[in-house]
Number of protein chains: 4
Amino acid sequence: MRFNVASRLAYEVRDRAVFILNIEAAALRHQTILSETLKLTPAVALERHDLAGGTRLVRVVVEPGRFEVAYDATVELAMLDADPSHVSETPVAELPLEVVPFLNPSRYCQSDQLGRFAYHQFGGLPPGHERVTAICNWIYDNVEYLSGSTNSETSAYDTMVQRAGVCRDFAHLGIAFCRALSIPSRFASSYAWQLDPPDFHAVFECYLDGAWYVFDPTRKAALQGLVRIGVGRDAADAAFATIYGDAMMTDLQVSIAPLDEVTQAAPTLRAVGIA
Amino acid sequence: MRFNVASRLAYEVRDRAVFILNIEAAALRHQTILSETLKLTPAVALERHDLAGGTRLVRVVVEPGRFEVAYDATVELAMLDADPSHVSETPVAELPLEVVPFLNPSRYCQSDQLGRFAYHQFGGLPPGHERVTAICNWIYDNVEYLSGSTNSETSAYDTMVQRAGVCRDFAHLGIAFCRALSIPSRFASSYAWQLDPPDFHAVFECYLDGAWYVFDPTRKAALQGLVRIGVGRDAADAAFATIYGDAMMTDLQVSIAPLDEVTQAAPTLRAVGIA
Amino acid sequence: MRFNVASRLAYEVRDRAVFILNIEAAALRHQTILSETLKLTPAVALERHDLAGGTRLVRVVVEPGRFEVAYDATVELAMLDADPSHVSETPVAELPLEVVPFLNPSRYCQSDQLGRFAYHQFGGLPPGHERVTAICNWIYDNVEYLSGSTNSETSAYDTMVQRAGVCRDFAHLGIAFCRALSIPSRFASSYAWQLDPPDFHAVFECYLDGAWYVFDPTRKAALQGLVRIGVGRDAADAAFATIYGDAMMTDLQVSIAPLDEVTQAAPTLRAVGIA
Amino acid sequence: MRFNVASRLAYEVRDRAVFILNIEAAALRHQTILSETLKLTPAVALERHDLAGGTRLVRVVVEPGRFEVAYDATVELAMLDADPSHVSETPVAELPLEVVPFLNPSRYCQSDQLGRFAYHQFGGLPPGHERVTAICNWIYDNVEYLSGSTNSETSAYDTMVQRAGVCRDFAHLGIAFCRALSIPSRFASSYAWQLDPPDFHAVFECYLDGAWYVFDPTRKAALQGLVRIGVGRDAADAAFATIYGDAMMTDLQVSIAPLDEVTQAAPTLRAVGIA
């Protein structure tokens, strides 16, 4: 299934600034970038680097003045589409060892501190995709989606107490629970089809049955319409722009639209993954 | 109902130290001290002060060497004994204003941060003694009693995440939930009948229907056999000994025994209070 | 020295609400209320209670609609005015025992966790008023006054790390350091002469040499022009309005003006206290 | 310079357990493993994986009973040895982009929250190796090395307040400060020559002038005698053993000895790096 994605960022740069941008579709096995353009105004030189996990970084150095970024791409998602009841967890003894670091706690996902709760609440459920779905359901039922209730310092530890947050907080809590249960889990920023209002969206992925399956405990986007951008330990690894210098964002627009008719099953009925 | 209570503390004082002791039965309306002795060895001079809430402080200045404290008392508890379904919450509009500060968050009871959860989980229950019992049941079911799992810095915020603790942590969490629901709540250290092994015990009290009713989410002690010692905002107000100087505790023994045959109903069936 | 103080609060009450107001000048020994009026519009019935520490609470139950509070008072401050080098700390062995609870940690002042730093940084300084001034100087030099940088959940623990805050954060940090050094310390909200822009202001007081001396690590107000309102453990005890129900503040105005010519020495040169 | 390193681990495995071991010398450019043996008793099958950063993971599945691990290696360190005043910081505009993720906050290194302090305290110092040394000096002067004062949940945020810790806490604080100042920084566990008593040791490395230079704010080990084991974001990435299952460590012995005469300058006078 193909999607057109686009983002427009505008900044007022007050003093020479370095931007590390992460808005391009990630380089992942089942996510094929059919075409893309990145237009910078003014047309400053850029440097690129693709991180091991698929995240694609762009660096530019920008002089004072207005700075605009326009990204457009057509991306094909050849996603896994499995019966959730057939997608099992992989025991730690059998995990690919390169996946093991995604069991470690991270800045916003203190899986080491949430372990007792995770075991108590979810430890008795049958392992597999459906257990992670149960985790997402718990988050959906127990955390209120509330814009402005959290900030860039809020972690899963806080959300567990305060029970409010936005998409990144929901994802962080899901990641923390999964890692506590020995399910490798990572954060993904994305272009999210059907997200209303349109914006960058945060979801998480679990390594199950040989692939990374995606979960959205906010239930705000369609799982088969998520074009991944930044993939990492948590939101600290997936900022769409990190600025070293003095610049203020003046505009942000994000869009995604399907090019094909939607034929896949509803995300709540099917497991959707990406390798 | 009458109880004999006793405590024995021993310290090795290495450098002149000031002790603020809080081991005597509190001065409360329904808790009558029939007799008591406090023996200090060596027999240093002591000063006393009873705080407004009933907590009785003793201060001694101790020179280097062994220091022993022996307290013995006979205390009569003329406790309230009501049908829980008849013990209602008092709306804030009708609370005695001197009780209102027990709605404020405190060091270990961040009721301001636990409010959303408390409302979500307990806000829909019928108000009254039975709602606080439901809170205690939740704590009992969701927090593991685990010696050594916490320390003197652990707060309700932490326990909400980590789901393990000892009696003071259970009490702090109960207090935080109750205050979040506008139920005045305070901490009480106590001599606790049937606590095994014997030790000082922490419980909490809620102001309901004109009196302070006691709750023990650990279910480790008999509610009708709690001789209150320190009563305050939280454990910060109820340390059995605060030492300014260099001393090490070498022994601690606590005991309580009923002098009368037990006739009261089981605590889980009756509301037990003290004014 | 006499001051006129005034405050105007306006609320849009959307559903029956209980207000606990704390805007009247506190009942303190050296703070004499020469006259005062509290006008409520609509003229709902009010209840009063003076807490042991001097804080005066007012409770009103308000029906939906606009609700206005107007407080005016003339207050005489007969403040202590001492040479700071003559104002000593009182050893714990000699403190009035009713003051001892102000050594305990509280919601926003985790003196138990800040102790090592406090000893390291301030433990070697000569005890007394000048040591607390050194603490205030450290806070002034090391914490940035930055409106909007903190919220109602921010504690001294956070401020120690994040190094930004507003007056209540500055006061909380000062209190935490002082308690860690065994100096009884409390929070005071106030009408603050020379504060620009006018607002309620938070300062802290230490029990030194038999009286409560006031400190303002923000250096924003004149110490001899502080009319105390709420006095307590920390900001949790001194909210100017606590609302149970659904109401939104639509206006807040605070003012203070001296009635007499200012004759006292500058606050940085003199110790200013209130018993 | 060559070192013999060795470690002996013993466990009582009570139920089938998966071990992820990380005790072998890391695969780094300037750290050559001349020979090594890893002996497991019983001789269970093992799997290996070298992470991108050089950390070498070993996985074994162990049945109940005694389990012993013996690692011996001879490692040559061909370390950079530069005049610290010539080792500069690399501006973000010029950093290799693969190094940029080491600017992100991590589980134990909340550089996002420590930024204001880091700028205030170290922002004015001339950039370069000597600035990081100043950071280490500050940590050494302001944090007490105190065994048992922290646990596996303690982060730089806590250490900033509590001012006590062990080597991993010292390293985490150094990393957090450096990242806040836009200096890429990572954690390294190590065999540490001259560490007394011998143990695994935690240090940190900064990317300066094209290489990773090592720092030890505890001053407990010789910088030119550190054989790196696990290299990652923070201690979460460098546990010497992570156990999934039920096993208890019964013995741990660590040793390191130089094979060559020491000829390098003292670490406090020279910058020591590894690429």
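Conventions used here
Residues numbered from 1 in each chain as written. Chains lettered and ligands numbered in written order. Predicted model: local features only at pLDDT ≥ 70, side-chain atom pairs only at ≥ 80, totals over all residues. Heavy atoms only, no water. Helix = DSSP H or I, 4+ residues; strand = E, 2+ residues; numbered from the N terminus. Rg over C-alpha atoms; globule rule 2.2 N^0.38 Å. Buried < 20%, exposed > 50% of the residue type's maximum accessible area, 1.4 Å probe, protein only. Contact = heavy atoms within 4.5 Å. Areas by Shrake-Rupley, 256 points an atom, 1.4 Å probe, with all protein chains shown as cover. Lys, Arg positive; Asp, Glu negative; His and termini not counted. Charge placed at Lys NZ, Arg CZ, Asp CG, Glu CD. Buried area = accessible area lost by both parts, 1.4 Å probe. Salt bridge = Lys/Arg side-chain N within 4 Å of Asp/Glu carboxyl O. Polar contact = N/O pair within 3.5 Å; in protein donor to acceptor, adjacent residues only side chain to side chain. Pairing = 2+ DSSP bridges. Phe/Tyr/Trp six-rings, centres within 6.5 Å; stacked < 30°, edge-to-face > 60°. Lys NZ or Arg CZ within 6 Å of the ring centre and 35° of its normal. Least-squares fit on C-alpha atoms with pLDDT ≥ 70 in both. Axes fitted to C-alpha atoms, helices over the stretch in contact; angles between N-to-C directions. Parallel < 35°, antiparallel > 145°, perpendicular 65-115°, else oblique. Left-handed = near helix turned anticlockwise from the far one by under 90°. Nonpolar A, V, L, I, M, F, W, Y, C, P; charged D, E, K, R; others polar. Arc of directions from axis to C-beta. Domains from an automatic or database assignment.

Caption draft 1: Broad picture of the overall build of chain A. Each helix and strand in chain A was counted, giving four helices and 14 strands. Against the 2.2 N^0.38 benchmark of 19 Å for 275 residues, chain A shows a C-alpha radius of gyration of 18 Å, consistent with a compact globule. When the backbone C-alpha atoms are referred to their principal axes, chain A occupies close to 55 × 40 × 35 Å. Looking at the 275 residues of chain A, the share that counts as buried comes to 60%. Across chain A, every contact between residues at least 6 apart in sequence was considered, and the portion connecting residues at least 24 apart equals 76%. Entry remark: accessible area of chain A is about 10200 Å², with carbon and sulfur atoms responsible for 49%. Counting 22 positive and 33 negative side-chain charges, chain A places the averaged centre of each group 2 Å from the other.

Caption draft 2: Region of interest: the interface of chain A and chain D. At the interface, 33 residues of chain A touch 33 residues of chain D. Between chain A and chain D, the buried area comes to about 2800 Å², and carbon and sulfur atoms account for 58% of it. When the area that chain A buries against chain D is broken down by residue, the three leading residues are R59(A), L97(A) and R107(A), summing to 25%. Where chain A meets chain D, there are four salt bridges.

Caption draft 3: Region of interest: unusual backbone geometry. Residues D196(A) and P197(A) are joined by a peptide bond in cis, for which omega reads 0°. Mapped onto the elements, P197(A) comes out in the loop between strand 9 (185–192) and strand 10 (200–208). Residue Q194(C) is not a glycine yet carries a positive backbone phi of 75°. Among the structural elements, Q194(C) can be located in the loop between strand 9 (185–192) and strand 10 (200–208).

Caption draft 4: Region of the structure containing the side chain of S185(A). All names here are of chain A. Its location among the elements puts S185 in strand 9. From its side chain, S185 meets the backbone oxygen of E205 in a polar contact 3.3 Å long. Leaving out residues up to four positions away in the same chain, S185 has contacts with F102, I175, C178, R179, F204, E205, C206 and W212.

Caption draft 5: Quick look at the pairing of strand 3 (residues 46–50) of chain B. Residue and element names in this part refer to chain B. Here five bridges tie strand 3 to strand 4 (residues 56–62), and the two strands are oriented antiparallel to one another. Looking across to strand 4, one finds that H49 is bridged to L57. Adjacent in sequence and paired antiparallel, strand 3 and strand 4 are bridged by five residues, among which G54 carries a positive phi angle near 115°.

Caption draft 6: Molecular detail of the packing of aromatic side chains. Taken as a whole and judged by the stated rule, the model has 66 aromatic pairs over all chains. Ring centres 5.4 Å apart and planes at 40° place the aromatic pair F117(B) and F177(B) in the tilted group. One end of the pair, F117(B), is in helix 1 (residues 115–122); the other, F177(B), is in helix 4 (residues 167–180), with 60 residues separating them in the sequence. It is R186(A) that lies over the ring of W212(A); its NZ or CZ is 4.1 Å from the centre. Sitting over the ring of Y145(A), K220(A) keeps its end group 4.4 Å from the ring centre.

Caption draft 7: Quick look at the pairing of strand 1 (residues 2–21) of chain A. Residue and element names in this part refer to chain A. Pairing analysis gives 12 bridges linking strand 1 to strand 5 (residues 65–77), with the strands arranged antiparallel. The residue of strand 5 that forms the bridge with A10 is E68. One ladder, built from 16 bridges, connects strand 1 with strand 13 (residues 241–258); its direction is antiparallel. Each residue of the ladder has a partner; that of V13, found in strand 13, is A247. Relative to strand 4 (residues 56–62), strand 1 runs antiparallel, the two being bridged by five bridges. By the bridge assignment for strand 4, A17 is matched with V62.

Caption draft 8: Looking closely at the relation of the copies chain A and chain D. For these two chains of identical sequence, chain A goes onto chain D by a turn of 180° and a shift of 0.0 Å along the axis, with RMSD 0.0 Å. The transformation relating the two chain copies, once decomposed into turn and shift, fits a two-fold axis. When each C-alpha of chain A is compared by its distance to the rotation axis, R107(A) comes out closest, at 1.8 Å. When the interface residues of chain A are mapped onto chain D, 100% of them again fall at the interface, so both copies present the same face.

Caption draft 9: Structural view of the packing of helix 2 (residues 129–142) of chain D against helix 4 (residues 167–180) of chain D. Residues and elements named next belong to chain D. The N-to-C vectors of helix 2 and helix 4 enclose an angle of 140°; their axes lie 10 Å apart at closest approach. For the element pair helix 2 / helix 4, the angle class is oblique. Crossing of helix 2 over helix 4 shows right-handed handedness. Between helix 2 and helix 4, the contacting residues are V132, I135, W138 and I139 on the first element and F170, L173, G174, F177 and C178 on the second. A per-class count over the contact of helix 2 with helix 4 returns eight nonpolar, one polar and no charged.

Caption draft 10: How the structure looks around helix 1 (residues 115–122) of chain C. G115(C), F117(C), A118(C) and F122(C) are the residues of helix 1 of chain C that are buried. Along the axis of helix 1 of chain C, the buried positions cluster into a sector of 160°, meaning they face one direction only. Packed against the buried residues of helix 1 of chain C are helix 2 (129–142), helix 3 (156–162) and helix 4 (167–180) of chain C together with helix 3 (156–162) of chain D.

Caption draft 11: The arrangement of the pattern of salt bridges in detail. Evaluation of the coordinates by the stated rule reveals 64 salt bridges over all chains. The salt bridge involving R8(B) is made with D72(B); its shortest N-O contact spans 3.0 Å. Taken together, the positions of R8(B) in strand 1 (residues 2–21) and D72(B) in strand 5 (residues 65–77) put the pair 64 residues apart, joining distant regions of the chain. Members of the salt-bridge network, linked through shared partners, are E24(A), E36(A), R48(A), D50(A) and R56(A).

Caption draft 12: Geometry of the side chain of T154(D). All names here are of chain D. Inspection of the secondary structure puts T154 in the loop between strand 7 (144–145) and helix 3. There is a polar contact of 3.0 Å between the side chain of T154 and the backbone nitrogen of N151. Beyond its immediate sequence surroundings of up to four residues, T154 is in contact with Y108, T159, R168, D169 and H172.

Caption draft 13: Geometry of the domain arrangement of chain A. Residue and element names in this part refer to chain A. Partitioning chain A into domains gives domain 1 (2–78 + 241–258) and domain 2 (80–236 + 268–274). For domain 1 versus domain 2, the separation of C-alpha centres amounts to 25 Å. Listed by partner, the interface residues are 23 residues for domain 1 and 17 residues for domain 2. Here domain 1 meets domain 2 over a buried area of about 1600 Å², counting both sides, of which 69% is carbon and sulfur. Applying the counting criterion to the domain 1 and domain 2 interface returns zero salt bridges. Put simply, domain 1 and domain 2 have five residue pairs in polar contact (both at pLDDT 80 or more) between them.

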